[in-house]
Amino acid sequence: MNGSRIAAVGHYQPAQVLTNEDLAGMVDTSDEWITSRVGIRTRHIAGADEPVDELAAHAAAKALASAGRGPADIDLVVVATSTAVDRSPNTAARVAARLGVPSPAAMDINVVCAGFTHALATAEHALRAGAATRALVVGADKMSNVTDWTDRATCVLVGDGAGAAVVEGCPPGEEPGIGPVLWGSVPEMGHAVRIEGTPPRFAQEGQSVYRWATTQLPPIARRVCERAGTAPEDLAAVVLHQANLRIIEPLAEKLGAVNAVVARDVAESGNTSAASIPLALSKLVERGEISRGDRVLLFGFGGNLSYAGQVVRCP
């Protein structure tokens, strides 16, 4: 195969919005404290009757509709999530069942905040190898389900949501729309971001993550661009994992993407983990801030101190 491309994207967020003022009534915090430290104003929270596979299926259905495709056109479903409650059936199988996708390969990928870019690379490799013809790639997390809502250090950060992409082969002669992935991790620092225990709870060492992200990741992001043969100044958009504006803005600046739109969806969505990149990308497309064919850097990082990135063409 000549390579693959993102044919369409879609996203979904629950209706309930939790503001900083709402949180100030729950824990010792304030709108000023939250916005000055992480840049988040609001986040969407799923209800008890909205499992993560439902969030994922809504986003996937929108991506399929945008691509002009139906469930029968999909033979691979890859879902990036770290908040699935059940081990089996996996989230991908449940999404496929909700949508009516017939007999797909269905797998979950748990790389937490870098999950979507790992999942996108996995699907691209499968298509390039001829193991699939068209894939549905979803990032979905229900972080509210693993959050201690009495801990002001973490509860102000999180939100719920999903984003999805339809990935298919490029027509003959068309330049590949998904560039080579650069991925890796710092396993000995895996304790810096955790979802552990019974019941599972999200925790992180904020200063360690901040130092790692702002000092170690910029040169890695530049290497992603080099692998794609794209200079940072030629990027139309930079979509980083939406963790914290104090991480996103310095990383984008050090990358040197001086002409790019920098996604700042974290301000209205919070940290949605594996959902954050496709969610932010889908909103940029929906609002017309980027155009078909534009070069966009996707770069996920965080849980496990893992990272993965690729330059893609805007659908």
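Scroll up to find the structure this text is about.
Residues numbered from 1 in each chain as written. Predicted model: local features only at pLDDT ≥ 70, side-chain atom pairs only at ≥ 80, totals over all residues. Heavy atoms only, no water.

**With respect to helix 11 (residues 276–286)**
Burial analysis of helix 11 places nine of its eleven residues in the buried class, which makes it a mostly covered element. Taken residue by residue, helix 11 has S276, I277, P278, L279, A280, L281, S282, K283 and L284 as its buried positions. Immediately downstream of helix 11, the backbone of G288 shows phi near 75°, a positive value. (Buried < 20%, exposed > 50% of the residue type's maximum accessible area, 1.4 Å probe, protein only. Helix = DSSP H or I, 4+ residues; strand = E, 2+ residues; numbered from the N terminus.)

**Observations regarding the environment of A126**
The topology assignment puts A126 in helix 5 (residues 115–129). In this structure A126 comes out as buried when scored by relative accessible area, which is 18%. Every residue in contact with A126, bar those within four places of it in the chain, is listed here: L76, A131 and A132. (Contact = heavy atoms within 4.5 Å.)

**Comments concerning unusual backbone geometry**
Here S88 and P89 are connected by a cis peptide whose omega angle stands at 0°. As for its placement among the helices and strands, P89 is situated in the loop between strand 4 (76–80) and helix 4 (91–99). Residue T198 is joined to P199 through a cis peptide bond whose omega torsion reads 0°. Positionally, P199 belongs in the loop between strand 9 (193–196) and strand 10 (201–204). Of note in the backbone geometry, V112 takes a positive phi value of approximately 50° without being a glycine. As for its placement among the helices and strands, V112 is situated in the loop between strand 5 (105–109) and helix 5. Even without glycine at this site, N304 takes up a positive phi of about 70°. Residue position: N304 is located in the loop between strand 13 (295–301) and strand 14 (306–313).

**Observations concerning the sheet that holds strand 11 (residues 237–240)**
Ordered in space as 8-14-13-11-12, the five strands form an open sheet in which the pairing is mixed. On the outer flanks of this sheet lie strand 8 (182–185) and strand 12 (261–262), each paired with one strand and no other. Where strand 13 lies against strand 14, seven bridges are found, and the strand directions are antiparallel. Within strand 14, the residue paired with L297 across the bridge is V311. Taken strand by strand, helix 5 contacts strand 8, strand 13 and strand 14, and its axis lies near 60° from that of strand 14. The strands touched by helix 9 (residues 245–255) are strand 11, strand 12 and strand 13; relative to strand 11, the strand with the most contacts, the crossing angle is about 135°. (Pairing = 2+ DSSP bridges. Axes fitted to C-alpha atoms, helices over the stretch in contact; angles between N-to-C directions.)

**Structural notes on the nonpolar core**
Core analysis: the biggest nonpolar cluster contains 46 residues, and L217, L235, L297, F299 and F301 have the highest contact counts within it. Every element with two or more residues in this core is listed here: helix 7 (206–215), helix 8 (217–228), strand 11, helix 9, strand 13 and strand 14. Top element by residues in this core is helix 9. It accounts for six residues. (Core = buried A, V, L, I, M, F, W, Y, C linked by side-chain atoms within 4.5 Å.)

**So, the side chain of S273**
Its place among the elements puts S273 in the loop between helix 10 (266–269) and helix 11. A relative accessible area of 1% means that S273 is categorised as buried. A polar contact of 3.1 Å, which involves the side chain of S273, links it to the side chain of D141. Once you skip the residues sitting within four places of it in the chain, S273 turns out to touch S82, V112, C113, D141, M143 and H241. (Polar contact = N/O pair within 3.5 Å; in protein donor to acceptor, adjacent residues only side chain to side chain.)

**Digging into helix 3 (residues 52–67)**
Helix length check: helix 3, at 16 residues, gives a terminal C-alpha distance of 23 Å against a target of 22 Å (1.5 Å per residue), a fit within 8%. The inward-facing, buried residues of helix 3 contact strand 1 (4–12), helix 4, strand 6 (134–142) and strand 7 (160–169). Just beyond helix 3, the residue with positive phi is G68, at close to 70°. (Expected span 1.5 Å × (residues − 1).)

So, to be careful, I would describe these as geometric facts and stop short of saying anything about function.
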